[in-house]
Structure formats: C-alpha cells, structure tokens
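# Observations on chain architecture
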Amino acid sequence: MLHKTVKSTSPDIADPLRPDSQDDRDDYTTTPALGVELSVIIPTFNERANVLELIQRLQTTLVKYRWEVIFVDDDSPDETARLVREIAQCDIRVRCIQRIARRGLSSACTEGMLSSSAPYMAVIDGDLQHDETLLPKMLEVLKHDKADIVVGTRYSPRGGLGEWDRSRVAISRVATWLSRLVLKAELSDPMSGFFMLRREVFEHSVRSLSGIGYKILVDIIASSEHPPRLAEIPYDFRTRESGESKLDARSVWDYLMLLIDKFVGHIVPVRFISFCLIGGFGVIAHFVVLGFLFNEIGLGFTYSQATATFVAMAGNYALNNLLTYRDMRLRGWQWLRGWVSFTAACSIGALANVGVASYLFSMDQQWGLAALAGILVSTVWNYAVTMVYTWKIPQKA
Ligand code: GDD
Ligand code: MN
C-alpha cells in the first residue's frame, strides 16, 4: 500500500533533486508520507485584519495533522498578500498565491486547489465567519470514507445564520432553492462557502467548472459526472468583526449566470446570453427615452430616435462592462476606449441589421421574420466583435 512501507533508508532516495531513474521514482512512492494531508484554501480580498488570527486558530485546531494553508489573494489594496508572505517566512505551512488584475472567489479557490498536492482540501472564508474548529471533524469524515465532500451548513436545526438581515436570508433561501435545478444532490446549504473534499472529486470536475462568481461548491457538485457522496455538519455563521462583505447585487447576477451556464453552457456561451439579456434591457431603455423625447418634450422623431439609440448603446456598454465582463472590467481611459470601440462596432451592426432585414423583406414581404433575422445578425456581430475588440478576450486557437 502507498505510503506505508519504507523500501530504502538511503539518504539519496529522499533527495528530491535526483529522481531520474525509474528505480528512484518507485522508491518515492514507498517512502513514508511526509507531505501535506490537508490544504486549507482561503480566498481573500482586503482581509489583512483577519489573517494572523485565522492562522493562529488553524495552528491550534489542526495541531494533530500535517496541514498547510494557501491564501489566494486578488491583489488586495490593503496588502493582505504581503502580510501573508511575511507570516510565511516564519511558518512553512503558510503559502500565498497573489493574482493580479483578476477577481472572483470561485476562480481563486480553484487556483488554490490546483496548487495543492494534498489528498484532502478545505475551503474556508478568510474573515473568521466560518467555524474553523470543525475542520478536524470534517477531515475524519473523509478519512473514514464516509463521504466525498463534507459541507459546513447553516440551515440545519443546529446551524445558524448569525446576524444576517432579513433580505440577505431571503436571497440566500431563493438561491438555495434555485440550485436544486442544477444539483444532482440534496443539500440543505449548497450556498455554503465552507467545505472539505477529496482531491479526486475536484480533479474529476475541474475541467468542467464554470468558475463564475462566488458559488464554488455548487459549481463543483454540478460539474461532477457522478454525484459525490455528501455529508453535512452544522455550524453557526459568525458575525464579521473586521472588514466588509464583498457580496453585492452583481453576485446575484453572477449566480444566475452560473446556473444558466450549467444548463446550456455546452450549447451557447453564457456571456452571449448575458449580452442578449442586456440587449433586451437596451430595447426597453430605447423606447423609454424615445417616448419621453418625442411625446413629452416634442422633439422631432429623427433627433429623438438618434438620442435614444445613443443612450441605449451607452447603457448597454456600461452594463456589459459591469456584468458580462465583470471579471475583466475596463476602467479609466480603458473604459472610454472601450466605449468608442463598442459604439463603432454596434453602429456597423445596426447597418447590417437594416441591410439584412430589407433584403429579406424585399424577397418575401414577411416583415416580422425579416426584422428578427436582422436583429439576430446584428446581435451576433455585436457580440463577436466587441468581445475581441472591446474586451479583448483572447480567441482559442
Ligand atoms: N480572492 C478573492 N477574490 N477573494 C474574495 C473575493 C474575490 O474577488 N471576493 C470575496 N473574497 C473572499 C473574502 O475576502 C472572504 O475571505 C471570502 O471570500 C468570503 O467573502 P465575503 O465577502 O465575506 O462573503 P460573505 O460573508 O458575504 O459570504 C460568504 O459566506 C457565505 C456563507 O458560507 C461566502 O463564502 C458565500 O459564498 C457563502 O454563501
Ligand atoms: Mn464573510
């Protein structure tokens, strides 16, 4: 069995710099396990005030185990990453991954897990709201092969939501209910950001992960080919002492996009769906502005229509930048450059729209179908061109 027997005690074999012959590699698999058995992944954004306390608590609670902690920090302005590195200089079990110009809790957790070699991995928030004293219990459940994923849950009779306000509790419950649509499993708190899993579960799902937004647990379970065995352990969600929550209205949008991606992502890219939904809002905005200028103010139709088009395009650009391309949002001068390129691309799209629709109309006089075809052509054009030229998403070879 792996890790149990020692084939040789030669000091050479323990030297990681010379595993060049097959014999040596065989010997590695039979040396006693000295590696980490549990990696604790902690996504952070502006958590400087909580880092030291959390590490000290992990040191206490995991004293019996071979563990490490991996902070994945998205270049926090409060220099969380620098502090983690300073602590890491005193404790080899502490590691830091600093991501530049990237944001997102889910993708941060995935990258943290990818950097681990441990057979068991946990994800826990960096703000002390999750109960870290549960970690040994979770690990024992996995080690005794009673489950593939153990989830810290806030909804069972013994778990609690801490001091969340009513609206946050309501949103969380609706989100939980929606998650049942994509999960092949019964879980009382799939929204939980506190869980531990076996490496194999992660490896089986990692290539299918959506990586959108905050709900990494939903993503992992929904991306697993075979439903993982789940166990739940209740805990009380603590109140945040330092810093603030990063969840906002956009996180709700991200969550919907995650669910849509799990449903139809293999057929249509979820960014395209987001782009179309925002385009739909743009049409409504167009009519509101047009109606106001033309009917209320009494401006001429051409001026009203031109202004409405301009406003709808700018609104669409701003919303797409905020939602569809949230993870690569343009700011400052880049925002202005993006706006100009978006307007240029969509203007060509509008010409294509009118051209295609007019041509089809001249063929068979079906105005409704002709208009729809025009809209479809311009939407696909706008999406494809702005993806490459406005947000500069690299195209796969
Ligand atoms: N790297 C990275 N990038 N970390 C992030 C980001 C990001 O964009 N956004 C948030 N974090 C980190 C925070 O610093 C914190 O350590 C953790 O992720 C959770 O973020 P909070 O902003 O504190 O979220 P919350 O308390 O409102 O909600 C959390 O708990 C819920 C209950 O378990 C999240 O984990 C939710 O997903 C979860 O449902
Ligand atoms: Mn929190």
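Below you will find a few notes about this structure. (Residues numbered from 1 in each chain as written. Chains lettered and ligands numbered in written order. Predicted model: local features only at pLDDT ≥ 70, side-chain atom pairs only at ≥ 80, totals over all residues. Heavy atoms only, no water.)

## Topic: the coordination of the manganese ion (ligand 2)
Counted only if it meets this: Counted as donors are the N, O and S atoms within 2.8 Å of the metal, or 3.2 Å for Na, K and Ca, while water is not among the atoms, so some sites may look incomplete. Type-normalised accessible area, obtained with a 1.4 Å probe on protein chains alone, sets the label of each residue: buried when under 20%, exposed when over 50%, and partly exposed for intermediate values.
Distances from the manganese ion (ligand 2) to its protein donors, namely Asp127 (OD) and Gln129 (OE1), fall within the range 1.9 to 2.0 Å. Across this residue pair, the class does not change: Asp127 and Gln129 are buried.

## Observations concerning the environment of Val377
Operational definition: The numbering of helices and of strands both runs from the N terminus, where a helix is a DSSP run of H or I of at least 4 residues and a strand a run of E of at least 2. Contact criterion: two residues are considered in contact whenever any of their non-hydrogen atoms come within 4.5 Å of each other.
By the element assignment, Val377 lies in helix 13 (residues 367–389). When its relative accessible area of 34% is taken as the criterion, Val377 is described as partly exposed. Sequence separation between Val377 and Gly349 is 28 residues; the distance between their C-alpha atoms is 7.8 Å. Apart from residues no more than four positions distant in its own chain, Val377 is found in contact with Ala352 and Val356.

## Let's talk about the site of ligand 1
We count it as follows: The rule for a residue being near a molecule or strand is that one of its heavy atoms must lie within 4 Å of it. Distance and chemistry together define a polar contact, namely a pair of N or O atoms within 3.5 Å, with one atom able to donate a hydrogen and the other to accept it when in protein, and with adjacent residues in sequence counting only for side-chain atoms on both sides. Ten residues, namely Ala, Val, Leu, Ile, Met, Phe, Trp, Tyr, Cys and Pro, are considered nonpolar, four, namely Asp, Glu, Lys and Arg, are considered charged, and the remaining ones, Gly among them, are considered polar.
Taken together, the neighbourhood of ligand 1 is formed by 28 residues, with Glu47, Asp74, Arg103, Met191 and Lys246 sitting nearest. Take Gly104: an N or O atom from its main chain is 2.9 Å from an oxygen atom of ligand 1. The separation between an oxygen atom of ligand 1 and a polar side-chain atom of Asp127 is 2.7 Å. Listing elements by their share of the shell around ligand 1, those giving two or more residues are strand 1 (38–44) and helix 4 (105–114). Among the residues forming the shell around ligand 1, the class breakdown is 10 nonpolar, 8 polar and 10 charged.

## Details of a nonpolar patch on the surface
For clarity, the cut-off: Only residues above 30% relative accessible area that lack a salt bridge enter a patch, with like-charged residues linked at up to 9 Å and the nonpolar side chains Val, Leu, Ile, Met, Phe, Trp and Tyr linked at up to 5 Å. Each accessible area is a Shrake-Rupley result for a 1.4 Å probe, and residues are judged covered by the shown protein chains and nothing else. Here, a salt bridge means any Lys or Arg side-chain nitrogen found within 4 Å of an Asp or Glu carboxyl oxygen.
Together, Phe281, Ile284, Val288, Leu319 and Leu322 make up an exposed nonpolar region whose accessible area comes to about 440 Å². Secondary-structure elements contributing two or more residues to the nonpolar patch are helix 10 (270–297) and helix 11 (301–324). A per-element tally of the nonpolar patch places helix 10 first, with 3 residues. You can see Phe281 is positioned in helix 10.

## Things to note about the sheet that holds strand 4 (residues 120–123)
Here is the rule: By the convention used here, strands pair only if DSSP detects at least 2 bridges between them. Axes here mean lines fitted to C-alpha atoms, for a helix over just the part in contact, with angles spanning 0 to 180 degrees between N-to-C directions.
Pairing is mixed across the open sheet formed by 7 strands, whose spatial order is 3-2-1-4-6-5-7. The open sheet is flanked by strand 3 (94–98) and strand 7 (230–234), the only strands paired with a single partner. Along the sheet, successive strands turn relative to each other by an average axial angle of 20 degrees, direction set aside. Judged from the 3 bridges that link them, strand 5 (residues 149–153) and strand 6 (residues 195–198) form a sheet pairing that is antiparallel. Residue pairing across strands places Val150 opposite Met196, the latter belonging to strand 6.

## Regarding the pattern of salt bridges
What the rule picks out here adds up to 25 salt bridges. Among the salt bridges present, the one from Asp148 reaches Arg229, with a minimum N-O distance of 3.0 Å. A residue pair is termed long-range when its members are at least 10 positions apart, and Asp148 in the loop between helix 5 (135–143) and strand 5 and Arg229 in the loop between helix 8 (216–223) and strand 7 qualify at 81 residues. Close ionic contact of Asp327 with Arg271 constitutes a salt bridge, the shortest N to O distance being 3.2 Å. Taken together, the positions of Asp327 in the loop between helix 11 and helix 12 (332–364) and Arg271 in helix 10 put the pair 56 residues apart, joining distant regions of the chain. By relative accessible area, which is 38% here, Asp327 ends up partly exposed.

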